[in-house]
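As a plain string of letters, each chain reads:
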Amino acid sequence: MRTAIAVAAVLLAALGMLASASPSVAQTTDSCQVSGTTNLGSSSYTLSANLSNCVSSTAGAPAEGKLGQGQSYTESVSITTSTGAVVQGTAQYQQSPGSGNACPGNSSPVTGSGFGDWIVSWSDGTNTVLNTVYTVANQTIVKWGGVSPGGGNPSVESGTTLNLVAGSENPAGTAPSTFAITSNNPAFPPGTPTSAQLTLAPSDPTSCSTNGSEGNAALSGLLALGLDTSGYGTP
């Protein structure tokens, strides 16, 4: 609890200072509280969390939303039925898990790293896709920051592509094999820097040494958009 409060205080203070001092920071800054879970495997991870109490420098920006990596989404799409008719229906689309490992060398959980595309589904119906890179230190603190595999700092990207879950079409028929989720929230255009500092609480603290994966863990902390903390290093 004390660690989470300390991390929140540090990031909120940095948010206020950098938003006014750094010319590279986007005009809009936003910080949201994160509460959810993640599953850190031996080579991939998924996460699902709620975003709440968002504080924004732009009037009308969403105050809450959901955060996901490797989740499925129900989308409205055109479906071709067995009769050849094209109707509007729904289908589920699955995002690929993120890549990485919090248990390098299958040894003690000292540090790990990975990357992925987080999807933010805002309460106003818009989306933001975050290009993220994570590091884990001492099994308890997670920081999404640093340099992405493709170069550059983690930031809002234009979008990401999801794959159809076979048999999920409603009504039954043939739906597009992929679905693109785009970053369409005007407050956070592509290129907006992002960062997160979260506490990681594994349900089984010995999982790294026994299974080579972190397994299920609770996440809590802060997500910041419009704040470039890439120079802060691993906590």
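Scroll up for the structure.
Residues numbered from 1 in each chain as written. Predicted model: local features only at pLDDT ≥ 70, side-chain atom pairs only at ≥ 80, totals over all residues. Heavy atoms only, no water.

Draft legend 1. Representation of the overall build of the protein chain. Looking only at helices and strands, one finds 2 helices and 14 strands in the protein chain. Within the protein chain, residue pairs in contact and separated by at least 24 positions form 64% of the contacts whose partners lie at least 6 positions apart. Per element, the accessible surface of the protein chain, about 10600 Å² overall, is 53% carbon and sulfur. (Helix = DSSP H or I, 4+ residues; strand = E, 2+ residues; numbered from the N terminus. Contact = heavy atoms within 4.5 Å. Areas by Shrake-Rupley, 256 points an atom, 1.4 Å probe, with all protein chains shown as cover.)

Draft legend 2. Inspection of unusual backbone geometry at higher detail. Residue Asn 170 is joined to Pro 171 through a cis peptide bond whose omega torsion reads 5 degrees. Note on placement: Pro 171 falls in the loop between β11 (159-164) and β12 (178-182). For Asn 53, which is not a glycine, the phi torsion comes out positive at approximately 50 degrees. When you line up the elements, Asn 53 lands in strand β2 (residues 44-56).

Draft legend 3. Main features of the packing of aromatic side chains. Summed over the entire model, instances satisfying the criterion amount to 2 aromatic pairs. Ring geometry for Tyr 93 and Phe 179: centres 5.5 Å apart, planes at 40 degrees, overall tilted. Placement of Tyr 93 in strand β5 (residues 86-94) and of Phe 179 in strand β12 is noted, with a sequence separation of 86 residues between them. Accessibility expressed as a relative area gives 0% for Tyr 93, which makes it buried. (Phe/Tyr/Trp six-rings, centres within 6.5 Å; stacked < 30°, edge-to-face > 60°. Buried < 20%, exposed > 50% of the residue type's maximum accessible area, 1.4 Å probe, protein only.)

Draft legend 4. Here's a closer look at the side chain of Thr 199. Mapped onto the secondary structure, Thr 199 falls in strand β13 (residues 194-202). Overall, Thr 199 belongs to the buried group, its relative accessible area being 15%. At 2.5 Å, the side chain of Thr 199 and the side chain of Ser 220 are in polar contact. (Polar contact = N/O pair within 3.5 Å; in protein donor to acceptor, adjacent residues only side chain to side chain.)

Draft legend 5. Examining the nonpolar core more closely. By size, the foremost hydrophobic cluster in this structure holds 25 residues, and its most contacted members are Leu 51, Leu 67, Trp 118, Trp 122, Leu 130, Leu 223 and Leu 225. In this structure, Tyr 73, Val 77, Ala 91 and Tyr 93 belong to the second largest nonpolar core, which totals 10 residues. (Core = buried A, V, L, I, M, F, W, Y, C linked by side-chain atoms within 4.5 Å.)

Draft legend 6. Expanded view of the state of the cysteines. Counted according to the given criterion, the structure contains 1 disulfide. Two residues share a disulfide in this structure: Cys 32 and Cys 54, whose sulfurs sit 2.0 Å from each other. Given an S-S torsion of about 115 degrees, the disulfide between Cys 32 and Cys 54 has right-handed geometry. Placement of the pair is Cys 32 in strand β1 (residues 30-40) and Cys 54 in strand β2, with a sequence separation of 22 residues. Both residues of the pair, Cys 32 and Cys 54, belong to the buried class. (Disulfide = S-S within 2.5 Å.)

Draft legend 7. Up close: the pairing of β11. In this structure, β5 lies alongside β11, joined through 2 bridges in antiparallel fashion. By the bridge assignment, Tyr 93 is partnered in β11 with Leu 164. The pairing of β11 with β12 spans 5 bridges and is antiparallel. Directly across from Thr 161, in β12, lies its bridge partner Ala 180. (Pairing = 2+ DSSP bridges.)

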